[in-house]
Amino acid sequence: AASGVIPQIAFVSGKCIGLSSAIAAMFDFTVKADDAELYVSSPALTGAENAQNSLVAFSGAANQCAGYIRNLISFLPMNSDSGIFVESCTDNLNRMIGELDFAGEARSVIATIADNGVFYEVSAEFAPAIVTAFATIGGVRAAIVANSFANNEGRLDVSSARKISRFVNFCNSFSVPVVTLVDSNGLVIDKENEINFFAPELARLAQAYACANVPKVTVIIGHAIGASFVLLGSKALGADVVYCTDDAEVCALSAESGVAFAWDKYITLEKSRESLVEEWRADVASPARAAASGEIDDIISTNELRARICSALLMLSAKGNASAISRRKVLPL
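Residues numbered from 1 in each chain as written. Predicted model: local features only at pLDDT ≥ 70, side-chain atom pairs only at ≥ 80, totals over all residues. Heavy atoms only, no water.

**Details of the overall build of the chain**
Then comes step 1: Across its full length, the chain carries 13 helices and 13 strands.
Then comes step 2: Against the 2.2 N^0.38 benchmark of 20 Å for 333 residues, the chain shows a C-alpha radius of gyration of 21 Å, consistent with a compact globule.
Then comes step 3: Each principal axis of the C-alpha atoms in the chain carries an extent, and together these give about 70 × 50 × 35 Å.
Then comes step 4: The distance from the centre of the 25 positive side-chain charges to the centre of the 36 negative ones in the chain is 7 Å. (Helix = DSSP H or I, 4+ residues; strand = E, 2+ residues; numbered from the N terminus. Rg over C-alpha atoms; globule rule 2.2 N^0.38 Å. Lys, Arg positive; Asp, Glu negative; His and termini not counted. Charge placed at Lys NZ, Arg CZ, Asp CG, Glu CD.)

As structure tokens, then:
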């Protein structure tokens, strides 16, 4: 009955076995001590260690878990009617970050845009190609979803889709704005994902963004190829503001796939495949092409990344909140 009305945190400090684990799964966040046991059926019977890691927001020693819970509670709103929280910013709203090379590491980007570099990550050990975290940006308490391109090119799989959709659903329940930093080459294509309900999980991800009434700011910071461009906070799914850095690649296909699919016939002795790939990146997959089609609102430099996100969040902080009833979360089991 309290789901989507007040934030709920479960702390697993000992045995949480069988249907008890289902109770832990009902909470918004589950924090687990390193020596605790969390499973439905014993790993001795199933051979599956840490099978319920998708539930765990944080794991560590008991005192570390207590500290994490205190920090999380201090950040979260008291209830679903609290509204968007804006506080005095102790960092420079217009701070330029330089032309940094983040090496495809999402945590580096988040630390750069967060006020004073402070953020609280959620579910770090589950689906590591995606980072989900809370941070204050320009004084606005916000949630961040980001791809780590260095981890399998930031591609989406069943686990990462589930991780993001649960996170965005929680943010929508409690009026927490969502900032999405896209750097992904699309989907993971393999048998394991296909047989593990890939399509329904991708549908839940799209639905989470589309149904979220909170401010949604998206920045493409490297790559937005194929499904990742559509599913991760796109204009088509209701994003309020979408930016793209001037060196990003945005397209339905990667340059290599696009040339193989559409431009193979143009390969000659004078025109190599490599030159066509570069031409595809510069023209078809350019931010200017995406802007011309209305899929992004502005092309920005990496240097102004923080300042533009701060500006967008402050502008959208007055965005009307839906009622608690319409925002009430349905837990995606």
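**Some remarks on the packing of aromatic side chains**
Then comes step 1: By the definition in use, this model includes ten aromatic pairs.
Then comes step 2: Summarising the aromatic geometry, the rings of Phe29 and Phe134 are spaced 6.0 Å apart at their centres and angled 75 degrees between planes, so their arrangement reads as edge-to-face. Placement of Phe29 in strand β3 (residues 29–33) and of Phe134 in strand β7 (residues 130–137) is noted, with a sequence separation of 105 residues between them. One exposure class covers both Phe29 and Phe134, and it is buried.
Then comes step 3: A ring pair is formed by Trp263 and Tyr266, whose centres lie 6.5 Å apart and whose planes are at 75 degrees; its orientation type is edge-to-face.
Then comes step 4: Here a set of aromatic residues connected by ring pairs shows up, and it is made of Phe29, Phe75, Tyr120, Phe134, Phe167, Phe170 and Phe174.
Then comes step 5: The ring of Phe75 carries the charged tip of Arg141 above its face, separated from the ring centre by 5.7 Å. (Phe/Tyr/Trp six-rings, centres within 6.5 Å; stacked < 30°, edge-to-face > 60°. Buried < 20%, exposed > 50% of the residue type's maximum accessible area, 1.4 Å probe, protein only. Lys NZ or Arg CZ within 6 Å of the ring centre and 35° of its normal.)

**Structural notes on unusual backbone geometry**
Then comes step 1: Phi is positive for Asn116, which is not a glycine, with a value near 60 degrees.
Then comes step 2: On the secondary structure map, Asn116 appears in the loop between α4 (106–113) and β6 (119–122).
Then comes step 3: Phi is positive for Phe197, which is not a glycine, with a value near 60 degrees.
Then comes step 4: Tracing the backbone shows Phe197 in the loop between α6 (191–195) and α7 (198–211).

**A look at the pattern of salt bridges**
Then comes step 1: Following the criterion strictly, the structure yields 20 salt bridges and no others.
Then comes step 2: Residue Arg141 pairs with Glu87 through a salt bridge whose shortest N-O separation is 3.5 Å. One end of the pair, Arg141, is in strand β8 (residues 140–147); the other, Glu87, is in the loop between α3 (62–75) and α4, with 54 residues separating them in the sequence.
Then comes step 3: Notably, a salt bridge pairs Arg155 with Glu153, separated by 2.9 Å at the nearest N-O pair. (Salt bridge = Lys/Arg side-chain N within 4 Å of Asp/Glu carboxyl O.)

**Notes on the layout of surface pockets**
Then comes step 1: Put simply, the largest pocket is a space of about 350 Å³.
Then comes step 2: Contributing to the lining of the largest pocket are 16 residues, with Phe126, Val158, Ser159, Arg162 and Glu192 lying nearest its centre.
Then comes step 3: No other element matches helix α5 (residues 158–173), which puts three residues into the lining of the largest pocket.
Then comes step 4: For the lining of the largest pocket, a count of residues per class yields five nonpolar, six polar and five charged. (1 Å grid on protein atoms, 1.4 Å probe; cavity = no way out; pocket = protein on both sides within 12 Å on 5 of 7 lines; lining within 4 Å. Points joined across faces, edges and corners; volume = space filled by probe spheres on them. Nonpolar A, V, L, I, M, F, W, Y, C, P; charged D, E, K, R; others polar.)

**A word on the nonpolar core**
Buried together is how nonpolar side chains tend to be arranged in soluble globular proteins.
Then comes step 1: Judged by nonpolar contacts, the single largest core of 47 residues is most densely connected at Phe29, Phe134, Val145, Ile164, Leu205, Tyr209 and Ile220.
Then comes step 2: Ranked by size, the runner-up nonpolar core spans 29 residues in total, among them Ala114, Tyr243, Leu305 and Cys310. (Core = buried A, V, L, I, M, F, W, Y, C linked by side-chain atoms within 4.5 Å.)

**Observations regarding α4**
Then comes step 1: Among the residues of α4, Ala106, Val109, Ile110, Thr112 and Ile113 are the ones counted as buried. What you see down the axis of α4 is that its buried residues fit within an arc of 160 degrees, all on one side.
Then comes step 2: Of the surrounding elements, those touching the buried residues of α4 are β6, β7, β8, β9 (178–184), β10 (216–225) and α12 (305–316).
Then comes step 3: One side-chain oxygen of the residue at the start of α4 lies 3.1 Å from the amide nitrogen of Arg107, identifying that residue as Glu105. (Arc of directions from axis to C-beta. Contact = heavy atoms within 4.5 Å. Polar contact = N/O pair within 3.5 Å; in protein donor to acceptor, adjacent residues only side chain to side chain.)

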